[in-house]
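Structural features, examined
Chain by chain, the residues run as shown.
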Amino acid sequence: MALNYSVTTSSSGVNKLWRKVQGDIAQGFGFGAPEYDMVDMLKDYQINVSAREFTVPVDITEGAGIASIDEGSDEANPYTPNLEELTLNYVLFSGRFTASVTAQLLDRHQRAAELKRQIVYQGAKKIQDLARHWSDYFYGTTTGVLATTTTAATQASGAYTLATGYDQATITNAALIADKFKIGDRVALVRSSALVTNALGTITAVSATTPSITVTWAGSVTSMSGDKVVKANSTEASTLVGTDFNRGMTGLIDMSLTASVHGLSSASVANWAPSYSNTTSERFNGITFRRMKQSVEFYGGGKADRLIIAPGVYRDVIGLQSAALRFNDPFGLELDADITTQGIKLFQSKRVPNGWVWCFDSNSIKRLDVMPRPGGSFSWEDGIRLENKSGYVFPVSMLTQLVITNRANLTYANSKTEQ
């Protein structure tokens, strides 16, 4: 009679003979924020910056007083308009990460055990966060409002339906609005420029289809439809001071829609406004684009060289244009058509608000980077030793702002058809 036996398997019988093997770190998602990298789109604004005040004189008022007179008669009444003045400021974006002393010692003396240096990975992730934050605020307003909520409830935690991205009725794309918030972000609700009682909390879930965020608050919160949602990632976790409210950049929506920009109002100086806008619900087309270019030239005195367009509008324009095409070869139809804009650089990304298009002269919209943009890798020397803790904290900070010096060199269109 034969003895029964089993096959020795490598997965269990002699599994300790084998090493645990890990491959290289794979990037499982697109973390890019192309707005942050628009080096070729927005030039640096050069100015000496003061913590007290820094202003820019603007020649914006047209003169008057030219007379047609008879020989020997009274000459024209002398008149010279005064300059106007912009008052600039900056915003401070702050991010941090920590690492232990143990990690430092292992990194310095046994680095071969790391798939990727911990300090490099953590630094790169924080730069990604900062780039995304800057890119979101690039389109927004100085209020720092990223969305509103329609949820009216009294609860210590729960889901909040989001609406009107950047508090603008035209921005309703669910995925775009939800993308402004990440699990782990802290947020706050603001009503009538005041913090809603106890409404400082942490996001535990995000839905891109509703869209909504689930938040655990500091206590019971009574929300109302129309409450504004802002980030609140500061360690000050009890008052409005710990939120981003009124700490946003002067973004493209501000430049387009807000009367007072950089302390100068279009209500008092009519020329301090975009030279053309189209807010009709319709398809974006070549005629509207031509009017935008011409308005920059005719009224702003510049030359349109940048076009920022929502991806859905871009797709609809392709559909509009391709519908009129005729092909010589029915078997050679080009499926992936593209749009050409003579002399104008076209930019699109997932962050461009739905239905929006901007056309402008890049010489009039610039980046004010007071503290250079963080980049590259971190070293342990960049960390600050924590008191009474076996670790380091690494600050990632940037003083920045967007500056527009000629609003007539900016044109915009919104409520455009998307596909």
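Since the structure is predicted, the reported quantities are computational estimates derived from the model, not experimental observations.

1. Notes on the overall build of the protein
Helix and strand counts for the protein stand at 6 helices and 19 strands. Put simply, the protein has 419 residues, and 42% of those count as buried.

2. Structural notes on the pattern of salt bridges
For the structure shown, the criterion picks out 15 salt bridges. Across the salt bridge formed by D129 and K126, the nearest N and O atoms sit 3.4 Å from each other. In this pair, D129 and K126 both sit in helix α2 (residues 118-138), 3 residues apart, roughly one turn of the helix. A relative accessible area of 27% means that D129 is categorised as partly exposed. Note that R191 and D227 form a salt bridge whose closest N and O atoms lie 2.8 Å from each other. In this pair, R191 is assigned in strand β6 (residues 186-191) and D227 in strand β9 (residues 227-231), connecting sequence segments 36 residues apart. Residues participating in the shared-partner salt-bridge network are D44, R367 and D369.

3. Digging into the environment of Q155
Assignment of secondary structure puts Q155 in strand β5 (residues 153-163). It is 8.0 Å that separates the C-alpha atoms of Q155 and G219, two residues lying 64 residues apart in sequence. Aside from chain neighbours lying at most four places away, what touches Q155 is Y160, W217, G219, S220 and V221. In this structure the side chain of Q155 is engaged in a polar contact, spanning 3.2 Å, whose partner is the side chain of Y160.

4. A closer look at the side chain of H133
Relative to the helices and strands, H133 is located in helix α2. The buried category is assigned to H133, whose relative accessible area is 12%. Filtering out sequence-adjacent residues up to four positions away, H133 remains in contact with F93, K231 and D244.

5. Description of the sheet that holds strand β15 (residues 357-360)
The sheet built from 5 strands is open, its strands ordered β12-β19-β15-β13-β14 with mixed pairing. Edge positions in the sheet fall to β12 (276-278) and β14 (345-347), since each has one partner strand and no second. Averaged over neighbouring strand pairs, the angle between their axes works out to 15° when direction is ignored. Bridging between strand β13 (residues 306-309) and β14 involves 3 bridges; their strand directions are parallel. From the neighbouring strand, I308 faces β14, where its bridge partner is F347. Strand contacts of helix α5 (residues 286-300): β12, β13, β15 and β19 (410-413), with the helix running at about 35° to β15, the strand carrying the most contacts.

6. Topic: the nonpolar core
F138, Y139, F181, I213, I308 and W358 are the most contacted members of the largest nonpolar core, which has 89 residues in total. Once you skip the residues sitting within four places of it in the chain, Y139 turns out to touch E35, Y166, G251, L252, I253, I308, F347, S349, R351, V352, P353 and W358. Judged by nonpolar contacts, the second largest core, of 7 residues, contains L200, V230, A232 and F245.

7. Thoughts on the packing of aromatic side chains
Summed over all chains, the structure comprises 13 aromatic pairs. Their ring planes at 20° and their centres at 5.5 Å tell us that W356 and Y412 sit as a pair that is stacked. A residue pair is termed long-range when its members are at least 10 positions apart, and W356 in the loop between β14 and β15 and Y412 in strand β19 qualify at 56 residues. Of the aromatic side chains, those joined through ring pairs into one cluster are Y36, W134, F138, Y139, W356, W358 and Y412. Over the aromatic face of Y392 sits the side chain of R385, whose NZ or CZ is 5.6 Å from the ring centroid.

8. Thoughts on helix α6 (residues 311-322)
In this model, α6 (12 residues) spans 16 Å end to end at C-alpha, consistent with the 16 Å of a helix rising 1.5 Å per residue. The set of residues buried in α6 consists of G312, V313, Y314, D316, V317 and I318. Looking at the buried side of α6, the elements it contacts are β13, β14 and β15.

9. A look at the environment of S157
Structurally, S157 can be placed in strand β5. For the pair S157 and T204, spaced 47 residues apart in sequence, the C-alpha to C-alpha distance is 9.6 Å. Residues in contact with S157, not counting those within four places in the same chain, are V215, T216 and W217.

10. Digging into the pairing of β19
Side chains L410 and Y412 of β19 all project onto a buried face; the interleaved residues T411 and A413 project onto the opposite face, where all are buried too. By the bridge criterion, 4 bridges tie β15 to β19 in an arrangement that is antiparallel. By the bridge assignment for β19, C359 is matched with T411.

11. Here we look at the side chain of S295
Relative to the elements of secondary structure, S295 occurs in helix α5. Overall, S295 belongs to the buried group, its relative accessible area being 7%. The residues touching S295, leaving out its near neighbours within four places in the chain, are S275, Y276, G300, A408 and T411.

12. Considering the sheet that holds strand β4 (residues 147-149)
Taking strand neighbours around the barrel as the criterion, the 6 strands line up as β4-β5-β8-β7-β6-β9 in a closed arrangement whose pairing is antiparallel. Strand-to-strand, the axes of this sheet are offset by a mean angle of 40°, without reference to chain direction. Where β4 and β5 come together, 2 bridges link them in antiparallel fashion. Note on β5: the bridge partner recorded for T148 is A163.

Thresholds, definitions, all that
Residues numbered from 1 in each chain as written. Predicted model: local features only at pLDDT ≥ 70, side-chain atom pairs only at ≥ 80, totals over all residues. Heavy atoms only, no water. Helix = DSSP H or I, 4+ residues; strand = E, 2+ residues; numbered from the N terminus. Buried < 20%, exposed > 50% of the residue type's maximum accessible area, 1.4 Å probe, protein only. Salt bridge = Lys/Arg side-chain N within 4 Å of Asp/Glu carboxyl O. Contact = heavy atoms within 4.5 Å. Polar contact = N/O pair within 3.5 Å; in protein donor to acceptor, adjacent residues only side chain to side chain. Pairing = 2+ DSSP bridges. Axes fitted to C-alpha atoms, helices over the stretch in contact; angles between N-to-C directions. Core = buried A, V, L, I, M, F, W, Y, C linked by side-chain atoms within 4.5 Å. Phe/Tyr/Trp six-rings, centres within 6.5 Å; stacked < 30°, edge-to-face > 60°. Lys NZ or Arg CZ within 6 Å of the ring centre and 35° of its normal. Expected span 1.5 Å × (residues − 1).

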